[in-house]
Amino acid sequence: MPWIIGVFEMKKERISKALENLSWTELRKELDARRFDANRLDELTTQILNCDNIFLKRPDAIRQQKRDQLIGSIEKHVGAELDEASAQKFSELATAIWALETGYREILGTLDQSSAGALTSVERIAGVFEHAKMEYSYVASLMERERNNNQITTDWAAVDDGKGNRINGDGALTAISDMASMSLKMEAYKCGWIAEDGEIILPELPSLNGDQVGESLPVSLCALYWRKLEQSEQRFRFLGGTLHLYEVEEIQDKALKELIRPSTKKVLLYNPNSEFELYDYISNERLHDRLMQTYFEAFHLYAPVADYPTPAEVKHLPPTQYLSKQEQHSIRSLSEILSFNVLEDTTRYADLTLVEWVRGYCVLQHLATEKIEAVEKQPMSVITEDEIITLLVNGGFSKPSAKRFVKLATFHKSSADLFDQPLIRRDDGNLILFGPSILQINPVRVVLSAIANLKVPFVQKGQAFEETVLAFLRQQDDIEAHKFSFTANGEEFEYDCVAAWEKYIFLFECKNKRLSGHSPRITKLIRDEHQLHIRQVSRLANALIEHPDKLQEKSGISVSEKTIIPVILNCLPFWLPTSDNNVRSIDFSMLHRFFENGSISLATSSKVTKAFQLVHKMHLKKIWEDDKPTVEDFLRYIDSHHQVTLMEDHIVLQPEQYQLTSDLVLLTYDYCRLPMTANSVSSAMNSNPRWTEAAMERNHRLVSKLRRSIERKMVRRQKRDWRKRNWGK
């Protein structure tokens, strides 16, 4: 009943407030109001894990004393009220909290004892920026060489370092951004460089000599370790698993022992155990691949405008005027990803339209490119806020929207990274434009990430998605699709899409929600939301069974002798196994692919010449039994989830080690992707590897034939040009 739920939520809020205040008196009052049992301990444990104030990353003697008293009082209360197993369970949580803090303290101690310990905080950040410049210049040069050789147009591709090693360009740029952003946060918290609104305000940075730049290197390394420890902390808090501090002799696993240096005395080990995290990882990787594919297709298949203006010449927003090929194809790609026309969407997400979001990042990218060309290839530059606002306003922004974009793109204490917020404010009011993150970005990816991290609701975007789904299903043969609502027994029931297909009725509940971007905190929110969606669509399915007359009245569809199948239909590529109450999950790209083609294909590309690539598809598995799709084909398809299976079979949970100090190592398990081969793809698709190998061989022969043909034409053209130059004919 609603009033009971309301009372329960109020009690949860009061408990959360008591934990935030680190007040045992307030908490004890709430615990005594209801019988304290194992279920209530689980609820309390979840709230403790969700409370940021419980976890102290930096030294704070007063807060630590209050927190320790609170945890100790809860531990005594659990021991007095519950059995020994419950007391042990809470004791393990308390131990994990202190183990994490040990890791953070050790990193800070290592930094102070390193060569960077003698540097001031501004010198440390100046050194971090110098290292970021050097690392970026190196990676950018490799990527530029790869582009010249292979016509690569995005930052996702692996590049050759000239020594036979393949470096993931995206991963390298992310590491540069992570180290710089975490270094900024660490020093900002230490020195109080944080404004009231949360922006990090940097003092003027000094120029460093070569020795000082070298001495600052431990700052970036410690920042990387801090980021990895923070990721393990958040995975433990929001996704579960175990986290424990061991003496090195206690580690029995041989594979883990091989990762540990001989000097190590203690091991901080995190073991994940969340199946949901795996599917969340797959969803983010599928989105990553889709972004690459749609952007690649837009870049190569659609003609750009003849000439693009400079930012100073732009007077209008798209579609009237485009700033660059990057902007034009980003708008197209974003529309394809979100399943509606971004140019027609006037909804404001954090006070900006999606077109304004894309334009803002493209302007910053253009500015960074101009600066790097003007100042001896330096990938960081200082600009004024007025300079950015003027360009945005002249290009179609209102002045408040331009100021809002600058605010949202400025680095903050809660910023995820320097991709979403590449501007860093200085205490003189000017801004540092962090080139290593903005110069190589895909605007679509950054816009989706920035909006997700701002936790902006997408209500109107969801309505647009519903219309897209309805229109798509109505185009298919033998399918009747409707959207309607009705009231029964005082309750309102709203149906996004009810599709009748032969003896089945598919109840599609459309969800156009964010993905996590690999953030454990957001992953937990998505997991909780998914459980609500399951209950929501189950309620709607039950209502159709209980009120078949309403379905007949609203749509003309009869429930008689039909099976109702509830389905959560996600816009972005998010899939989960069928729930215990038979609620299926599918995403729009999977739905679209089923009706578009009777087989699962793998798209690959091969370089024919420097200016020409051949994109081809290998058919891996039939999903239609005959020449047109049937409802039985569709049911098999949504249960078999071939796209997810293909990726899942190429993902492993791999142990990683990070030496926080000479004595302490962090061991954690991270998901990583494996390369696809003919055998691995065939195994995942349960097909004959010989067919895959034969398809690859046919493609190889076709590429070779095309290459020889083009080379012959080039030779003939060169001979003809030579004759014209020398003989005049």
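Refer to the preceding data block for the structure.
Please read all numbers here as calculations on a predicted model, not as lab measurements.

A. Spotlight on the overall build of the chain. When you go through the chain residue by residue, the secondary structure sums to 25 helices and 17 strands. Taken across its 729 residues, the chain has 51% of its residues classed as buried. Counted over contacts in the chain with a minimum sequence separation of 6, partners at least 24 positions apart contribute 68%.

B. How the structure looks around a positive patch on the surface. Where like charges cluster on the molecular surface, the positive patch consists of Lys-705, Arg-708, Arg-712, Lys-713, Arg-716, Arg-717, Lys-719, Arg-720, Arg-723 and Lys-724. By secondary structure assignment, the location of Lys-719 is in helix H25 (residues 689-727).

C. Up close: the packing of aromatic side chains. Under the criterion given, the structure shown has 24 aromatic pairs. Among the aromatic residues, those joined into a cluster by ring pairs are Phe-465, Phe-472, Trp-501, Tyr-504, Phe-506, Phe-508, Phe-588, Phe-594, Phe-595, Trp-624, Phe-634 and Tyr-637. Over the aromatic face of Tyr-189 sits the side chain of Arg-58, whose NZ or CZ is 4.0 Å from the ring centroid.

D. Quick peek at helix H9 (residues 217-239). Taking 1.5 Å of rise per residue, 23 residues should cover 33 Å, and H9 covers 33 Å from first to last C-alpha, within 8% of that figure. Of all 23 residues that make up H9, 18 are buried, and the element is covered over most of its length. The first or second residue beyond H9 is Gly-240, which carries a positive phi of 90°.

E. Quick look at the sheet that holds strand S10 (residues 491-501). Read from one edge of the open sheet, 5 strands run S9-S10-S11-S12-S13, paired in mixed fashion. Of all the strands in the sheet, just strand S9 (479-488) and strand S13 (584-587) have a single pairing partner and so form its edges. Across the sheet, the axes of successive neighbouring strands diverge by a mean angle of 35°, strand direction being ignored. Along the sheet, helix H19 (residues 520-546) contacts S9, S10, strand S11 (504-511), strand S12 (563-570) and S13; its crossing angle with S12, the most-contacted strand, is approximately 150°.

F. Layout of the nonpolar core. Residues Phe-129, Trp-357, Leu-473, Phe-506 and Phe-634 are the most contacted members of the largest nonpolar core, which totals 173 residues. Of the residues forming this core, the biggest block, 11 residues, is contributed by helix H13 (residues 354-374). Listed in part, the 21 residues of the second largest apolar core include Phe-493, Val-498, Ala-541 and Leu-544.

Cut-offs and rules
- Residues numbered from 1 in each chain as written.
- Predicted model: local features only at pLDDT ≥ 70, side-chain atom pairs only at ≥ 80, totals over all residues.
- Heavy atoms only, no water.
- Helix = DSSP H or I, 4+ residues; strand = E, 2+ residues; numbered from the N terminus.
- Buried < 20%, exposed > 50% of the residue type's maximum accessible area, 1.4 Å probe, protein only.
- Contact = heavy atoms within 4.5 Å.
- Patch = residues over 30% accessible without salt bridge, like charges linked within 9 Å, V, L, I, M, F, W, Y side chains within 5 Å.
- Areas by Shrake-Rupley, 256 points an atom, 1.4 Å probe, with all protein chains shown as cover.
- Salt bridge = Lys/Arg side-chain N within 4 Å of Asp/Glu carboxyl O.
- Lys, Arg positive; Asp, Glu negative; His and termini not counted.
- Charge placed at Lys NZ, Arg CZ, Asp CG, Glu CD.
- Phe/Tyr/Trp six-rings, centres within 6.5 Å; stacked < 30°, edge-to-face > 60°.
- Lys NZ or Arg CZ within 6 Å of the ring centre and 35° of its normal.
- Expected span 1.5 Å × (residues − 1).
- Pairing = 2+ DSSP bridges.
- Axes fitted to C-alpha atoms, helices over the stretch in contact; angles between N-to-C directions.
- Core = buried A, V, L, I, M, F, W, Y, C linked by side-chain atoms within 4.5 Å.

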